[in-house]
Amino acid sequence: MGQAFLHGNGGSNPLNFKVVASADYPDSTSRNMIPDAYAKTATSNGITYTVNGDGSITANGTATGLSVLNVWGNSNSLTLPAGTYTLSGCPSGGAVDTYRLCNNATSINDTGSGVTFTLTEDTAISFKIRIQSGTTVSNLKFWPQLEKGSSKTSFVKYAQKGNTIWVKTSETVVSWKMAKQSSIPTLTSVKGRLFISYSSIDSVTTTNTNFDALKITASQPNSIMVGLNAAYLNLDGTSSGWKQVYAYIYKSSGWVQFSSEFSATIKVTYPSGSTLTCSNGSTTLTATTTTGSYTFTVPNSGTWTVKAVSGSNTASQSVSITTSGQSASVTLTYEVYLYNAGDQCTSLTGGWSNKEKGASYAGSGSVTLDTSAMIIACNTTGSRCAYTTKAIALSGKTTLHVTISSMSNLSSTVPAGIWVATDTTVTSYSWANVVAYKYDITNTGTFTVDVSSLTTSCYIAIGIDSAGGAGSITVSKVWLT
Amino acid sequence: MKTIYIDSDYKCHVTDDGTMTAVETDAFDGKCNTYIEGYRFVPSGEVWTRADGVEFHGEMIAPAEDWRELDNAQRNYEREQYAALTNENESLVAENAELLEAMAAMVDDVYNQDLEIMEE
């Protein structure tokens, strides 16, 4: 027995859907639209109804009250598209006060000759045999038939065609699969009902809908193509509008609500105009806008890499997603080099200049700009710094990075530092007008200063000073992100 | 040297709410309260992790709010300080003038008294 397992992105609950190809509904190779498998042998108020298997239903007994057998649908649980139909199959001699074949509202009545009716719009409906109280019937055989058009034709048995009905959804269905399952899963509806019944189901109620043996035969973006193998699909309410249901997907442990499928988000802030992707190696999601802010919904846990590309600029960052419902945030900015292994990035920095860190120590150190690195040294009780000749625009940047690749004699009394200042004035002992700094550097490594709240242009200075003993640092890279 | 207080996010405060850590620094000498409370101070040996996951090791100071606004607040503060000092100075000058006048009157009085004595 085949089962349909929809695997969606879990982005919405309830799931939005609508029938697209409802004009072809119901789906039968014969003229008769009433599935004979729907009605079940039953007794109602003294009348025993026997489903014969050839499409006919035999009634016997005396009605002790209003006796009803649902022939197709229950309490207007079906939707018939607008059109003209003919209902027939009531034995001759019927009447509204004895027996008849009719709709739920008893506005369409076949008492033996058939009845043609027109629906001007998609209409909620159901059909039943109705025998009034006190009526005695003996082997009264009904042959329910509903056919399109205004002509009553001879009875033919319903035959399920196995065609397809398109159910369009606003959700992204990322995959689907077939599997085996012995028990019949349930689908609980809330707003509107996706009402699917099947011949092997003994009873179907409007509050607990069962489905089985659905077959997914194809898929396309934003659509689920539901093919009906040995079942048929009834939609409660109008078929033209969007409906909502709680949908379920099958996992190894059983059926779980659609929304509880894995879903996590990664919010990315990135340079506007860039192409933004999010990939875990096998799945790559691409942002549909280039506004500078985008949220990806990822369908799996693992390491996802978000990447922004604009011309020759590239920025990427890895994000670890571990649990469903997790929300991560990432900011991507392109690297802007101020110094890179001998390159002084002069167009931006104006080159790197050399001065004492504090005026009291003038002339007591050196800055060497060679072909591969910047070496800043101070003598005993001296200080020295290298700084950008031009002020650097910091708007849109969040972090200043400085890599010190080697050092000599750094200590708590001979530390290095990074200064961000609005001008290049030095006081007796340090830079004036410093707006951010990182100090007490005594090791090699890459050091950072938060510049995310600085929107003005500033000079960047890297220096070393000494309260006792000479020292030096080798700076290999300075950049902004 | 100033004593400031930092909260668990390393944001600076000028008063302690009982949960903060006191830090002595000369980084904010001459700065107004608004400027100080717009900053973040990460002490040496500690690490602050920004919302985007980037780590910053102390000692680091950096504005936690738009620096332009902090700078405006500081400039206003300095203007007010200057105006207050100017007013104080003007008051002192006025007081000084009154004292000078009083002293001149006293000198005149003494001179006149001496003349009277000499004439007698």
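Structure: see above.
Residues numbered from 1 in each chain as written. Chains lettered and ligands numbered in written order. Predicted model: local features only at pLDDT ≥ 70, side-chain atom pairs only at ≥ 80, totals over all residues. Heavy atoms only, no water.

A. Here's a closer look at unusual backbone geometry. Here the residue pair glycine 58 of chain B and glutamate 59 of chain B is connected by a cis peptide bond, since its omega of 0° sits within 30 degrees of zero. Of note, glutamate 59 of chain B is situated in the loop between β6 (55-57) and β7 (60-63). A positive phi angle, near 50°, is found at alanine 341 of chain A, a position not held by glycine. The residue alanine 341 of chain A is located in the loop between β34 (336-340) and α1 (346-349) in this model. The backbone of cysteine 345 of chain A shows a phi angle near 50°, a positive value even though the residue is not glycine. (Helix = DSSP H or I, 4+ residues; strand = E, 2+ residues; numbered from the N terminus.)

B. The arrangement of helix α2 (residues 67-119) of chain B in detail. Residue and element names in this part refer to chain B. With 53 residues, α2 extends 77 Å from end C-alpha to end C-alpha; this agrees with the ideal 78 Å at 1.5 Å per step. Residues of α2 that are buried include every one of Trp67, Leu70, Asp71, Ala73 and Gln74, and no others. Two or three places before arginine 68, at the opening of α2, aspartate 66 has a side-chain oxygen 3.0 Å from that residue's backbone nitrogen. (Expected span 1.5 Å × (residues − 1). Buried < 20%, exposed > 50% of the residue type's maximum accessible area, 1.4 Å probe, protein only. Polar contact = N/O pair within 3.5 Å; in protein donor to acceptor, adjacent residues only side chain to side chain.)

C. Focus on the sheet that holds strand β29 (residues 284-286) of chain A. Residue and element names in this part refer to chain A. If you trace the 4 strands from one edge of the open sheet to the other, you get β29-β28-β31-β32, paired in antiparallel fashion. Both outer strands of the open sheet, β29 and β32 (313-321), are each paired with one neighbouring strand and no more. Strand-to-strand twist in this sheet, taken as the mean axis angle between neighbours without regard to direction, amounts to 20°. Of the strand pairs in this sheet, strand β28 (residues 275-279) and β29 are connected by 3 bridges, and their pairing is antiparallel. Within β29, the position partnered with serine 279 by the bridge is threonine 284. (Pairing = 2+ DSSP bridges. Axes fitted to C-alpha atoms, helices over the stretch in contact; angles between N-to-C directions.)

D. Local environment of the environment of alanine 308 of chain A. Residues and elements named next belong to chain A. Tracing the sequence through the fold places alanine 308 in strand β31 (residues 302-310). Assessed through its relative accessible area of 0%, alanine 308 is described here as buried. Each C-alpha atom of the pair alanine 308 and serine 272 lies 9.4 Å from the other, and the pair is 36 residues apart in sequence. If we ignore the near neighbours within four places in the chain, the residues touching alanine 308 are Tyr270, Pro271, Ser274, Thr275, Leu276, Asn313, Thr314, Ala315, Leu332 and Tyr334. (Contact = heavy atoms within 4.5 Å.)

E. Region of the structure containing the nonpolar core. All names here are of chain A. The biggest cluster of nonpolar side chains holds 63 residues, and the ones touching the most others in it are Leu400 and Val420. In contact with valine 420, not counting residues within four places along its chain, are Leu394, Leu400, Asn433, Val434, Val435, Ala436, Val449, Val451, Leu454, Cys458, Tyr459 and Ile460. Counting 31 residues, the second largest nonpolar core, distinct from the first, contains Tyr38, Ile47, Ile108 and Leu140. (Core = buried A, V, L, I, M, F, W, Y, C linked by side-chain atoms within 4.5 Å.)

F. Examining the interface of chain A and chain B more closely. The partner chain B presents 25 residues to the 20 residues of chain A that form the contact. Approximately 1,700 Å² of surface area, both sides summed, lies buried where chain A meets chain B, with 46% of it carried by carbon and sulfur atoms. Across the contact surface, chain A and chain B share 1 salt bridge. With a closest N to O distance of 2.7 Å, aspartate 450 of chain A and arginine 50 of chain B form a salt bridge. A total of 7 residues in the side of chain A that touches chain B trace back to one element, the largest contributor, which is strand β42 (residues 434-441) of chain A. One ladder, built from 2 bridges, connects β42 of chain A with β7 of chain B; its direction is antiparallel. Looking at the pairing, lysine 438 of chain A lines up with methionine 60 of chain B of β7 of chain B. (Buried area = accessible area lost by both parts, 1.4 Å probe. Salt bridge = Lys/Arg side-chain N within 4 Å of Asp/Glu carboxyl O.)

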